[in-house]
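Breakdown of the fold
Residues per chain are reported as follows:
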Amino acid sequence: MKIKLIITALIALLATANVHAQTVSKDSINMLKQQKEALKIAKRVNEQKLKLADLENSVEKKTLDMQNSARKAQESANNNAKAADKLSSNPQSEGLANKADNKAGDAKKDAKKARKAEDDLNKTRDKIEKLRKKIADDESKLSAMRPS
């Protein structure tokens, strides 16, 4: 008899607990979803700003690298021209021909390095511009989501 009474009391208690459960309105759910999306966008903006800062900091180094490689390429081209002039005064000299060939190879390598350094700098600048546009887009989305 006591067991039946205890079981009945537990069933009644569980039934009333379900009736008193709090319901969440659709507006609250939508607001929470919007807040979640806003946080996701804000996180993405922060990550993009960090990446932008890294890229902007690397521009100075890449500019110096490009300038140094361009200067070295010019020096190699000048050395190549001098070696070619010496060879033209004595075209039968095998030693001068080898020197001119080596200087031409050096000039070619240095010119390629200079082109690569310039391409790298230009790609970095393009990445910076694209990232700035993404940040601006995300910030405008974020400001549109926040209530005034």
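Scroll up to find the structure.
Presented here is an overview of the structure given in this document.

Definitions and limits used
- Residues numbered from 1 in each chain as written.
- Predicted model: local features only at pLDDT ≥ 70, side-chain atom pairs only at ≥ 80, totals over all residues.
- Heavy atoms only, no water.
- Helix = DSSP H or I, 4+ residues; strand = E, 2+ residues; numbered from the N terminus.
- Buried < 20%, exposed > 50% of the residue type's maximum accessible area, 1.4 Å probe, protein only.
- Contact = heavy atoms within 4.5 Å.
- Core = buried A, V, L, I, M, F, W, Y, C linked by side-chain atoms within 4.5 Å.
- Patch = residues over 30% accessible without salt bridge, like charges linked within 9 Å, V, L, I, M, F, W, Y side chains within 5 Å.
- Areas by Shrake-Rupley, 256 points an atom, 1.4 Å probe, with all protein chains shown as cover.
- Salt bridge = Lys/Arg side-chain N within 4 Å of Asp/Glu carboxyl O.
- Expected span 1.5 Å × (residues − 1).
- Polar contact = N/O pair within 3.5 Å; in protein donor to acceptor, adjacent residues only side chain to side chain.

For the rest of this paragraph, the subject is the overall build of the chain. Helix and strand counts for the chain stand at 3 helices and 0 strands. In the chain, the order of α-helices and β-strands from amino to carboxyl end is α-α-α. Counting every position in the chain, which comprises 148 residues, the buried fraction comes to 19%. Long-range contacts, defined here as pairs at least 24 residues apart, represent 83% of the contacts in the chain between residues at least 6 apart.

On to the nonpolar core. Ranked by internal contacts, the top residues of the largest apolar core, which has 13 residues, are Ile41, Leu52, Ile128, Leu131, Ile135 and Leu142. At the level of elements, α2 (26-89) and α3 (94-145) are the ones that each hand at least two residues to this core. Considering every element that reaches this core, the biggest residue donor is α2, with 7 residues. Dropping the residues within four chain positions of it, Leu52 is found in contact with Ile128, Leu131, Arg132 and Ile135.

All right, on to a nonpolar patch on the surface then. Side chains of Ile3, Ile7 and Ile11 sit close together on the surface and give an oily, nonpolar patch of about 320 Å² of accessible area. Secondary-structure assignment places Ile7 in helix α1 (residues 2-19).

Since one α-helical turn is 3.6 residues long, residues separated by three or four positions face the same way. Over its 52 residues, α3 runs 76 Å from end to end, which matches the ideal 76 Å to within 8%, given 1.5 Å per residue. Measuring from the backbone nitrogen of Leu96 back to the side-chain oxygen at the start of α3 gives 3.2 Å, which picks out Ser93 as the cap.

What follows deals with the side chain of Ser69. Relative to the helices and strands, Ser69 resides in helix α2. Among all residues touching Ser69, those that are not within four sequence positions of it are Asp110, Lys113, Ala114 and Ala117.

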